[in-house]
Amino acid sequence: MQAPIPVGGIMSSRRLCLVGVMSTPDRPGVAASVFRALAEAQLNAQFIVHCIDLESQSQIQFCVASADRPLVEAAVEPAAEALGAARVTFAEPVAMLSVFGPDFRERPGIAAQAFRALGEAGINILAVSTSISTITCIVDDRLYDGAMAALHHAFELP
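All values reported here derive from a predicted model rather than from experimental measurement.

> Could you give an account of unusual backbone geometry, naming the residues involved and the relevant values?
With an omega dihedral of 0°, the bond running from Glu92 to Pro93 counts as a cis peptide bond. Non-glycine residue Ser23 carries a positive phi angle of around 55°. Mapped onto the fold, Ser23 is located in strand E2 (residues 9-25). Positive phi, normally seen in glycine, also occurs at Ser56, with a value near 60°. The residue Ser56 is located in the loop between strand E3 (47-52) and strand E4 (57-65) in this model. Using a relative accessible area of 45% as the deciding quantity, one classes Ser56 as partly exposed.

Structure follows, in structure tokens:
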């Protein structure tokens, strides 16, 4: 592994449920329908990733507190059915680990370092979301300690 890259820190959240609204025909308003259903149930998503696959199907994944899963199911499944989603998936328990720091867009290699560290530790990444200053990975919660150790080894923390 290459030398640790300096970053601002690592944040994490545990005991989450990764929810997927999978294979919905892509059209305007799909994400709005899913997250309106959550909002109306007074539920909050801590992580969101949305992409369109090669068959023009929308794939939305998001994390909620595991304790909220029954409420999320009741809110999201009717919305997903109305959208024509192939299925709603639930994976739990999962953990969210976020490497953060300033100006990631001008510092190449941070994502590669995080993904390499987790891969070399034998930890599969279930979902990824990034921003200008954060790389967030969702992993199996049972692998949290190993994932956190791998990231701490890969990055120079303040």
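There's plenty left to go through after this.
> Tell me what's going on with the pattern of salt bridges, and back it up with residues and numbers.
A complete count under the given rule lists four salt bridges for this structure. Measuring nitrogen to oxygen at the nearest pair gives 2.8 Å for the salt bridge that ties Arg69 to Glu92. Of the two residues, Arg69 sits in helix H2 (residues 69-83) while Glu92 sits in strand E5 (residues 87-100), which places them 23 residues apart along the sequence. Across the pair Arg142 and Asp140 runs a salt bridge, and its minimum N-O distance is 2.8 Å.

> If you had to explain the environment of Pro70 to someone new, which residues and values would you point to?
For Pro70, the location among the structural elements is in helix H2. Since its relative accessible area comes to 56%, Pro70 is described here as exposed. Along the sequence, Pro70 and Gly84 sit 14 residues apart, while their C-alpha atoms lie 21 Å from each other.

> With reference to specific residues and values, describe the sheet that holds strand E6 (residues 127-130).
The antiparallel open sheet is built from six strands, whose spatial order is E3-E4-E2-E5-E7-E6. Of all the strands in the sheet, the pair left with one neighbour each is E3 and E6. Put simply, the sheet's adjacent strands are angled 30° from each other on average, direction ignored. Where E6 and strand E7 (residues 134-140) come together, four bridges link them in antiparallel fashion.

> I'd like a description of the pairing of E2, backed by residues and values.
Bridging between E2 and E5 involves 11 bridges; their strand directions are antiparallel. For Gly9, the partnering residue across the bridge sits in E5 and is Phe100. As judged from the eight bridges shared by E2 and E4, these two strands associate in the antiparallel manner. Considered in E4, the bridge of Pro25 is made with Gln57.

> So what's going on with helix H1 (residues 30-40)? Residues and values would help.
If you check which residues of H1 are buried, you get Val30, Ser33, Val34, Phe35, Ala37 and Leu38. Lining the buried residues of H1 we find E2, E3, E4 and H2. Positive backbone phi, approximately 60°, marks Gln42, located one or two places after H1.

> Any details on the nonpolar core? Residues and values, ideally.
Judged by nonpolar contacts, the single largest core of 22 residues is most densely connected at Leu97, Val99, Leu151 and Phe155. Elements with a contribution of two residues or more to this core: E5, helix H3 (110-120), E7 and helix H4 (144-154). If one sorts the elements of this core by residue count, H4 sits on top with six residues. Leaving out residues up to four positions away in the same chain, Phe155 has contacts with Pro4, Ile5, Val7, Val99, Ile110, Gln113 and Ala114. Grouped together as the second largest cluster of nonpolar side chains are 17 residues, Cys17, Val21, Phe35 and Leu43 included.

> So what about the packing of aromatic side chains? Which residues, and what values?
To describe a pair of aromatic rings, you give the distance between the ring centres and the angle between the ring planes. For the coordinates displayed, the defined rule picks out one aromatic pair. Ring geometry for Phe35 and Phe62: centres 5.2 Å apart, planes at 65°, overall edge-to-face. With a gap of 27 residues between them, Phe35 in helix H1 and Phe62 in strand E4 connect regions that are remote in the sequence. Both residues of the pair, Phe35 and Phe62, count as buried.

Analysis parameters
- Residue indices follow the written sequence of each chain, beginning from 1 at its first position.
- Only residues with pLDDT of at least 70 are given local features in this predicted model, and only at 80 or more are side-chain atom pairs given and counted; all residues enter the totals for whole chains, interfaces and linings.
- Each side-chain value is worked out from all heavy atoms of the structure, with water and hydrogens disregarded.
- Think of it this way: any DSSP run of H or I at least four residues long counts as a helix, any run of E at least two long counts as a strand, and we number them from the N terminus.
- Think of it in three bands: with a 1.4 Å probe and only protein chains considered, a residue is buried below 20% of the maximum accessible area for its type, exposed above 50%, and partly exposed in between.
- Throughout this description, the term salt bridge denotes a Lys or Arg side-chain nitrogen within 4 Å of a carboxyl oxygen of Asp or Glu.
- DSSP bridges decide pairing: two strands pair if at least two such bridges lie between them.
- Lines fitted to the C-alpha atoms define the axes, with helices restricted to the stretch that makes contact. Angles between their N-to-C directions range from 0 to 180 degrees.
- Two residues form a contact once any of their heavy atoms are found within 4.5 Å.
- Definition of nonpolar core: a set of buried residues of the types Ala, Val, Leu, Ile, Met, Phe, Trp, Tyr and Cys, connected through side-chain atoms within 4.5 Å.
- Pairing of aromatic side chains requires ring centres within 6.5 Å, counting the rings of Phe and Tyr and the six-membered ring of Trp. Pairs whose planes differ by under 30 degrees are stacked, by over 60 edge-to-face, and all others tilted.

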